[in-house]
Amino acid sequence: MALKNQFETLNVLVIDDDDFVHDMLIHEFNQLGVKNIQVEASGVNAVKRVQNGECFELIIIDLIMPDMDGVEVLRHLSEYQFNGAVILLSGQDQRVLDTTAALAGAQHIRVLGAIPKPITIDILTQKLNQLFEETTPNIPPSNDDISLEELKDAIANDKIVPFYQPQLAFSTKRLKSVEVLARWVHPTRGIVSPASFIALAEETGMIDAVTRSMFRQALPQFKELSSIHGHSDLHISINLSTDSLCAIDLPEQIEDLAKMHGICCNNITLELTESRLIQNLVSTLDVLLRLRLKGFGLSIDDFGTGYSSFEQLKKIPFTELKVDRQFVSDATNNKTSKAIIESSVSLAKTLNMQVVAEGVETNADWELAKNLQCDLAQGYLVSKPLPFRDFVHWIDEHTTR
Ligand code: C2E
Ligand code: CA
Ligand code: CA
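Visitor: Give me the lowdown on the coordination of the calcium ion (ligand 3), citing residues and values where you can.
Guide: Surrounding the calcium ion (ligand 3) are the protein donor atoms Asp-301 (OD), Asp-302 (OD), Glu-358 (OE) and Glu-358 (OE), which sit 2.1 to 2.6 Å from the metal. All donors of the calcium ion (ligand 3) come from a single chain, and their spacing in sequence reads D-D-x55-E. Between the calcium ion (ligand 3) and the calcium ion (ligand 2), a separation of 4.4 Å is found, and both are coordinated by Asp-301. You can see Asp-301 sitting in strand 11 (residues 297–303) and its partner Glu-358 sitting in the loop between strand 13 (354–357) and helix 15 (363–371), a full 57 residues away along the chain.

Visitor: Can you explain the environment of Phe-163? Please cite residues and give values.
Guide: Take Phe-163: it is sitting in strand 6 (residues 160–169). Sequence separation between Phe-163 and Arg-183 is 20 residues, and the spatial gap between their C-alpha atoms is 6.5 Å. The contact partners of Phe-163, leaving out residues within four places of it in the chain, are Glu-179, Val-180, Leu-181, Arg-183, Ile-191, Pro-385, Leu-386 and Pro-387.

Visitor: Lay out the coordination of the calcium ion (ligand 2) in plain terms, naming residues and giving numbers.
Guide: Around a metal, the idealised angle for a tetrahedral arrangement of four donor atoms is 109.5 degrees; for an octahedral arrangement of six donor atoms it is 90 or 180 degrees. Glu-179 (OE), Asn-239 (OD1), Glu-271 (OE) and Asp-301 (OD) make up the full set of protein donors to the calcium ion (ligand 2), lying at 2.1 to 2.4 Å. Summarised as a motif, the one-chain spacing of the donors to the calcium ion (ligand 2) is E-x59-N-x31-E-x29-D.

Visitor: Can you explain a negative patch on the surface? Please cite residues and give values.
Guide: On the surface, Asp-17, Asp-18, Asp-19, Asp-23 and Asp-67 cluster together to form a negatively charged patch. Inspection of the secondary structure assignment puts Asp-67 in the loop between strand 3 (58–62) and helix 4 (70–79).

So, how was this worked out
- Residues numbered from 1 in each chain as written.
- Chains lettered and ligands numbered in written order.
- Predicted model: local features only at pLDDT ≥ 70, side-chain atom pairs only at ≥ 80, totals over all residues.
- Heavy atoms only, no water.
- Donors = N, O, S within 2.8 Å, 3.2 Å for Na, K, Ca; no water.
- Helix = DSSP H or I, 4+ residues; strand = E, 2+ residues; numbered from the N terminus.
- Contact = heavy atoms within 4.5 Å.
- Patch = residues over 30% accessible without salt bridge, like charges linked within 9 Å, V, L, I, M, F, W, Y side chains within 5 Å.
- Areas by Shrake-Rupley, 256 points an atom, 1.4 Å probe, with all protein chains shown as cover.
- Salt bridge = Lys/Arg side-chain N within 4 Å of Asp/Glu carboxyl O.
- Lys, Arg positive; Asp, Glu negative; His and termini not counted.
- Charge placed at Lys NZ, Arg CZ, Asp CG, Glu CD.

The structure is reproduced here in structure tokens:
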């Protein structure tokens with residue numbers, strides 16, 4: 001109800017040359033409580049209205065129109081520094097829609113969706129919620145000013161701690177593995193995400209210290225998790241920056257730590273982001289091969305987003321492939337994303353690799369990734385990354401469910 005009231009104040013412009021589309025959208029918007037809906041059959045007229053200063057928070061744009069196509073409308077909106085959001089609609093191929101969305105994004109226009117016609121009320125609701133979530137002022141504290149000194153202090157005093165996110169088998173819904181995700185528990189900034197400090201740690205040569213600290217803190221906690229009844233064969237995944245692969249004794253260091261905590265190397269997987277893989281090829285291959293020989297799993301993270309995924313699959317004996325969440329969360333509406341998952345799975349199966357679907361947020365994402373033969377599910381649908389004690393609690397609840 002609260003959201004419905006929020007929708008009431010929206011100013012929407014629909015640009016489409018089809019009267020039927022006007023009627024349908026007006027009907028759907030009315031059902032959602034939106035009152036101010038303007039329609040334009042001509043791209044030229046619509047652009048004039050924006051140029052003349054009429055204010056719209058949302059513009060729906062058809063791609064093919066007789067006097068001015070959607071791509072040109074977007075170009076003009078960008079010229080007039082339109083600061084609302086757009087939804088692209090078309091009967092065209094999804095890839096044409098996606099490319100148009102990417103072009104609009106490059107012109108600094110906020111695209112809520114590129115959707116084949118007809119748009120259903122469910123999708124429209126989802127897009128309006130997205131519009132409000134994104135525009136609700138909820139600005140996180142800026143972390144741009146994190147200093148190296150502060151970072152060093154945080155690492156030295158274990159203020160950067162492991163959070164845990166579960167991975168479930170699609171077939172049984174049983175907990176198979178946990179991924180360790182670093183969080184900085186900061187006295188004034190709150191929980192700081194790795195996006196704000198991993199790059200700084202890499203640039204300043206502090207990433208090995210972060211990695212070591214994650215292993216040191218996570219392995220005893222993981223030991224505790226695997227002692228919970230029924231979880232003796234739990235696996236753990238830890239992210240490894242490619243910069244750490246230059247340390248030639250890394251396999252021995254990690255092996256020593258595992259032994260110290262009585263954890264079998266076979267239960268530890270190291271996740272590597274492919275876009276940053278391989279800077280110093282010889283030492284990287286040396287390290288990765290010896291990690292494999294010691295029994296550690298190797299996972300290619302964010303698969304499909306880098307530039308040389310296939311080349312790296314050929315060179316490195318990966319045991320696991322993680323389909324990036326941008327494809328998983330999109331696949332129910334986007335044929336291209338679905339095809340990328342399908343071919344990633346088929347490639348992985350041929351190479352005897354396990355497939356993890358990342359970013360499973362909805363039941364529809366779960367069903368699709370399961371049907372596409374992914375092995376493990378990770379994502380907000382199952383659980384967000386949790387601090388250790390909360391995760392122990394989560395396991396208890398999940399096991400009794
Ligand atoms: P990643 O390895 O790809 O980790 C998955 C990211 O997706 C995590 O973000 C996780 O919180 C998020 N995620 C999981 N499920 C969902 C979902 O359903 N929806 C959405 N929207 N997001 C989901 P996080 O924790 O912010 O980590 C970001 C990246 O930082 C990680 O991406 C990883 O590359 C890096 N990172 C995290 N911890 C470490 C670490 O200890 N060492 C290194 N080198 N990198 C780390
Ligand atoms: Ca990862
Ligand atoms: Ca990933």
